[in-house]
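The lines below spell out each chain.
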There are 2 protein chains.
Amino acid sequence: MSTDAVLTHVDSQLGAATERLMELLRIPSISTDPAHAEACQHAADWLVADLASLGAEASKRPTPGHPMVVGHITEGVDNPDVHVLFYGHYDVQPVDPLDLWDRDPFDPQVEDTPRGKVIRGRGASDDKGQLMTFVEACRAWKAERGTLPCKITFFFEGEEESGSPSLIPFMEDNAEELKSDIALICDTGLFGTETPAIVTMLRGLLGEEVTITASSKDLHSGMYGGIAMNPIRVLSRMIAGLHDDQGRVTVPGFYDGVPELPQDIRDQWDGLDFDATGFLGEVGLSDPAGEADRTGLEMIWSRPTCEINGITGGYTGEGFKTVLPAKASAKISFRLVGQQDPHRIRENFRAYVQSSLPADCEVTFHGHGASPAGQMSTDDPMFEAARQALSLEWPQEAAYVGCGGSIPIAGYFKSILAMDAMLIGFGKDDDQIHSPNEKYDLDSFHRGIRSWVRVLEALSAKG
Amino acid sequence: MSTDAVLTHVDSQLGAATERLMELLRIPSISTDPAHAEACQHAADWLVADLASLGAEASKRPTPGHPMVVGHITEGVDNPDVHVLFYGHYDVQPVDPLDLWDRDPFDPQVEDTPRGKVIRGRGASDDKGQLMTFVEACRAWKAERGTLPCKITFFFEGEEESGSPSLIPFMEDNAEELKSDIALICDTGLFGTETPAIVTMLRGLLGEEVTITASSKDLHSGMYGGIAMNPIRVLSRMIAGLHDDQGRVTVPGFYDGVPELPQDIRDQWDGLDFDATGFLGEVGLSDPAGEADRTGLEMIWSRPTCEINGITGGYTGEGFKTVLPAKASAKISFRLVGQQDPHRIRENFRAYVQSSLPADCEVTFHGHGASPAGQMSTDDPMFEAARQALSLEWPQEAAYVGCGGSIPIAGYFKSILAMDAMLIGFGKDDDQIHSPNEKYDLDSFHRGIRSWVRVLEALSAKG
């Protein structure tokens, strides 16, 4: 049976699908901010209701943090021998600085832009819009055929943007229920604008919050300037020392377990014709700033990094205050690759900071997540089936690529549930995820839904 | 005629004087924050009314910023051949971080502490409490004698904590009206707790706000980490480069015009028996952090410094956000001594920052004040007269000292009005000015009022 009718249904119902996404986008489910805990509950409730409307047995599942949503459709499916799990996250990034948004981030709208229609709002791309591509594919299938092509488990979390503290315990506690043939994850992007991509290489992430304290209180820089230690100066010096002049990270042992790129992957990436200058030009930059001897794709996909995500100390308001602050702090993260051990790097980083402290300074650390890099096995024939299905929908052949971001869930499916994970997404580089004015192309949403229809068919046929 | 009766009057009316100060402290006249402009007007009005109650011809004088208060008592004084001007400022520092205050900073209270009674609240010491010591001395004199000892001009500004942008034009425009024999300024401290001090050496101040921008918007550190320039890293490296490993400032030409201390002043300072360890111990520190080859008093009185007063960039809220920020900024100030030229140092600093910028970064600068250091001439016999008068009131002989802070007004009296300035104040090192929980010892307030009674007598007798 061809999927043409299902795809036609998707086309005709795109307006209604967009309206449903807008409803979800209006819920300000910022997981990292305790003030938005209620909104996270609300988003989970919304999803439970939406899955129920597809005929799923769905429920909100409490955790010590924000709830999970789990739903199952196992009865009356076309091929009960195939069982896929779909993962997405309903939580979103904080929205500051608010004044850089052109509209209320939680009052989404479809906008006409020179590059086509976009859905504008926090979470439009990361990850509510992507999550809903799969849900809408199922809805269209069910509406047109009355059944679904295979058994499906939906698994949505609400803590992805805050380090997923509840995820591992939840997966461990519910391993039997979640176990399926393969995990499908929609939280990644196209390569360019027309090439669908299956991510087979994911960087890990280690976060550290460092606070350096000196005096017991803020001091007047007239009275104490010169004689008292300034923690901003100490913090700056520590940060400045994290990279050498070739852009390499100086933390001892940092490159242990970092592999060189295999020649076949290097060839494939060279074939992708990545334009670093154009990629950077989109955001007002021009010069690759990573390790001096690496290509642009290596810098973002296969090399580890150290980034300063935030820094604060002393007076930061309007005007000037001649204060010598008592403390200063920074949020620092490391993107990890290959076999880098996050726990070992955390230890070595902390030891480096300790060793850089002058007299009169103390440091406290607060860890935020520690996930190793992930590497998918593309030997599984499901990968090739999905790649061919995607290639039918888009102008260009689908490609296996790397991803600079961290999607630790992929590793957890492997380590906890012994499942492979297939990362397929439709975001674009200019989606401004984690930034003001986030958007998702209406075309990404539309073709994304159609893509899942095709992938579901391909995976179910295999069974 | 002895001043005993006036001093007795001061003693008996201390409670009423304290109440008046509390009224002034309740007005949140933070000059650096535009939201408090109305409070600055209110404080000025309060002072005009208070001076009028002494019989002064007083008025609030508009400026492009916060108003000046000027008052004159010239008729019916004991010695019309002597004319002193008294300067103070009614504006106060910002109060953040508010959560470190033990009480509302603008709900002042007299508190019993193990070291005696203190007046607690923002501005108690800097400078409302100090300002009122002089006003109350005049009030007591007038109440007891019916006259004042000499002609007096009161000159209060409301922009001292925000760089005094209106001060020079106002002094120039009103030079004839303000010209007097000498300026008395009460915005400094005792040496230790029992030694009154006349400051004859003041550091200048140059403030610079530096903002480094890289990408055109905040980026996701997964997508761009490694390839995109991080402005926090650039800013940290620039700051780390501002000092060498001996604690010397590296800005080119920075030490041009920095004199070595004359031997006689060095001997006098050695005699003051300054305990750097004890001084630092009060604020939880132990190790002098300035230039390696300098004494503690040199570090705070006669050596120039470079301090980072504030830094901010990226995500600084609760939790973690893996953002690559578009910009980062720091507030940096320099304390200047001797003949250092603030404008030249500003140029050289900006050139240093520009030269440290990598590709893809831009910098903007915002200057905050540029005042050279000040050096008083103690040859004027008024200095010795005041020093002896102060010595009568306090347990220890009064001393000529340096001051690490900047009181640019002293230099302006010299350059604009050709007047000497005498800096006498009663603050203590633990007053926590510019910090949470600012206080002024009730004893400082009391003896401060008595001190001015004695100084006024000594200066008027001279005429």
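A. Focus on the overall build of chain A. From N to C terminus, chain A includes 15 helices and 18 strands. By the compact-globule yardstick of 23 Å for 463 residues, chain A fits well, its C-alpha radius of gyration being 23 Å. Across its three principal axes, chain A shows a C-alpha extent of roughly 80 × 50 × 50 Å. A buried classification covers 57% of the 463 residues belonging to chain A. For chain A, long-range pairs separated by at least 24 residues make up 78% of all intrachain contacts whose partners lie at least 6 apart in sequence.

B. Quick peek at the sheet that holds strand β4 (residues 109-113) of chain A. Residues and elements named next belong to chain A. Strand order in the open sheet formed by three strands is β4-β5-β18, and the pairing between neighbours is antiparallel. This sheet does not close on itself; its edge strands, each paired only once, are β4 and β18 (439-441). Within this sheet the neighbouring strands show an average axis-to-axis angle of 35°, counted without direction.

C. View of the nonpolar core. Counting residues in each nonpolar core, the largest one holds 266 residues, and the members touching the most others are Ile185(A) and Ile185(B). The element contributing the most residues to this core is helix α15 (residues 442-462) of chain A, with nine residues. Aside from chain neighbours lying at most four places away, what touches Ile185(B) is Tyr87(B), Ile407(B), Ile409(B), Ala410(B), Ala421(B), Met422(B) and Leu423(B).

D. Geometry of the sheet that holds strand β14 (residues 362-371) of chain A. Reading across from one edge, β14(A)-β9(A)-β13(A)-β11(A)-β11(B)-β13(B)-β9(B)-β14(B) is the order of the eight strands in this open sheet, with antiparallel pairing throughout. The outermost strands of the open sheet, each flanked by one partner alone, are β14 of chain A together with β14 (362-371) of chain B. Going across the sheet, the axis of each strand differs from the next one's by a mean of 20°, ignoring polarity. Pairing between strand β11 (residues 305-314) of chain A and strand β11 (residues 305-314) of chain B: five bridges, direction antiparallel. Bridge pairing in β11(B) places Gly314(A) opposite Gly310(B). Most of the contacts of helix α12 (residues 342-355) of chain A go to β14(A), to which it runs at about 165°, and overall it touches β9 (204-213), β13 (327-336) and β14 of chain A. Against the sheet, helix α12 (residues 342-356) of chain B touches β9 (204-213), β13 (327-336) and β14 of chain B, its axis set at about 165° to β14(B).

E. Local environment of the domain arrangement of chain A. Residues and elements named next belong to chain A. Taken domain by domain, chain A holds domain 1 (4-202 + 373-462) and domain 2 (204-258 + 304-371). The centre of domain 1, based on its C-alpha atoms, is set 35 Å off from the matching centre of domain 2. Facing six residues of domain 1, the contacting portion of domain 2 comprises eleven residues. For the side of domain 1 that touches domain 2, a count of residues per class yields two nonpolar, four polar and no charged.

F. Looking closely at the relation of the copies chain A and chain B. When chain A is fitted onto chain B, the two copies agree to an RMSD of 0.0 Å after a turn of 180° and an axial shift of 0.0 Å. Both copies are brought into coincidence by an operation consistent with a two-fold rotation axis. In this assembly the copies share their binding face: 100% of the residues contributing to the interface of chain A also contribute to that of chain B.

G. Spotlight on the interface of chain A and chain B. Residue-level contacts link 83 residues of chain A with 83 residues of chain B. Broken down by element, the side of chain A that touches chain B gets its largest block of residues, nine residues, from β11(A). Broken down by class, the residue content of the side of chain A that touches chain B amounts to 31 nonpolar, 37 polar and 15 charged.

H. Main features of helix α1 (residues 4-12) of chain A. Residue and element names in this part refer to chain A. Burial in α1 covers these residues: Val6, His9 and Val10. In a view along the axis of α1, the buried residues occupy a sector of 100°, so they form one face of it. For α1, the exposed residues lying more than 90 degrees away from the buried face are Asp4, Asp11 and Ser12.

I. Broad picture of the packing of helix α1 (residues 4-12) of chain B against helix α4 (residues 128-145) of chain B. Residues and elements named next belong to chain B. The N-to-C vectors of α1 and α4 enclose an angle of 120°; their axes lie 9 Å apart at closest approach. Relative to α4, the element α1 is oriented oblique. Along this stretch, α1 crosses α4, giving a crossing that reads as right-handed. Residues Ala5, Val6, His9 and Val10 of α1 form the contact with α4, whose own contacting residues are Ala140, Trp141, Ala143, Glu144 and Arg145. Its residues assigned to classes, the contact of α1 with α4 shows six nonpolar, one polar and two charged.

J. Broad picture of unusual backbone geometry. Note that the residue after Asp126(A), namely Asp127(A), is joined by a cis bond; omega there is 10°. Considering the arrangement of structural elements, one finds Asp127(A) in the loop between β5 (116-120) and α4 (128-145). The phi angle at Gln432(A) is positive, at roughly 60°, despite the residue not being glycine. Given 22 C-beta atoms within a 10 Å radius, Gln432(A) is considered buried. In this model, His434(B) sits at a positive phi of 70°, which is unusual for a non-glycine residue.

K. Spatial organisation of the packing of helix α2 (residues 14-25) of chain B against α4(B). All names here are of chain B. At a minimum axis distance of 10 Å, the contact between α2 and α4 shows a crossing angle of 140°. Judged by the inter-axis angle, α2 sits oblique to α4. Helix-helix and strand crossings are classified by hand; for α2 and α4 the assignment is right-handed. Along the contact surface, α2 presents Ala17, Arg20, Leu21, Leu24 and Leu25, while α4 presents Lys128, Gly129, Met132 and Glu136. Along the lines of polarity and charge, the residues of the contact of α2 with α4 split into five nonpolar, one polar and three charged.

L. Fine view of the environment of Met299(B). Tracing the backbone through its elements, the reader meets Met299(B) in helix α11 (residues 296-302). Spatially, the C-alpha atoms of Met299(B) and Asp104(B) are 34 Å apart, while their sequence positions differ by 195 residues. With near-sequence residues (within four places) excluded, Met299(B) lies in contact with Gly226(A), Ile227(A), Pro288(B), Gly290(B), Glu291(B) and Arg294(B).

M. Main features of the pairing of strand β8 (residues 197-202) of chain A. Residues and elements named next belong to chain A. For β8, the buried fraction is high: six of the six residues fall into the buried class. With three bridges connecting them, β8 and strand β17 (residues 420-425) associate as antiparallel partners. When the bridges of β17 are listed, Val199 appears paired with Leu423. Note: β8 against strand β16 (residues 399-403), five bridges, orientation parallel. Considered in β16, the bridge of Ile198 is made with Tyr400. Taken together, the two bridges between β8 and strand β15 (residues 374-375) define a ladder with antiparallel strand orientation.

Rules of the game
- Residues numbered from 1 in each chain as written.
- Chains lettered and ligands numbered in written order.
- Predicted model: local features only at pLDDT ≥ 70, side-chain atom pairs only at ≥ 80, totals over all residues.
- Helix = DSSP H or I, 4+ residues; strand = E, 2+ residues; numbered from the N terminus.
- Rg over C-alpha atoms; globule rule 2.2 N^0.38 Å.
- Buried ≥ 20, exposed ≤ 12 C-beta atoms within 10 Å, placed from the backbone.
- Contact = placed C-beta atoms within 7 Å.
- Pairing = 2+ DSSP bridges.
- Axes fitted to C-alpha atoms, helices over the stretch in contact; angles between N-to-C directions.
- Core = buried A, V, L, I, M, F, W, Y, C linked by C-beta atoms within 7 Å.
- Domains from an automatic or database assignment.
- Nonpolar A, V, L, I, M, F, W, Y, C, P; charged D, E, K, R; others polar.
- Least-squares fit on C-alpha atoms with pLDDT ≥ 70 in both.
- Arc of directions from axis to C-beta.
- Parallel < 35°, antiparallel > 145°, perpendicular 65-115°, else oblique.
- Left-handed = near helix turned anticlockwise from the far one by under 90°.

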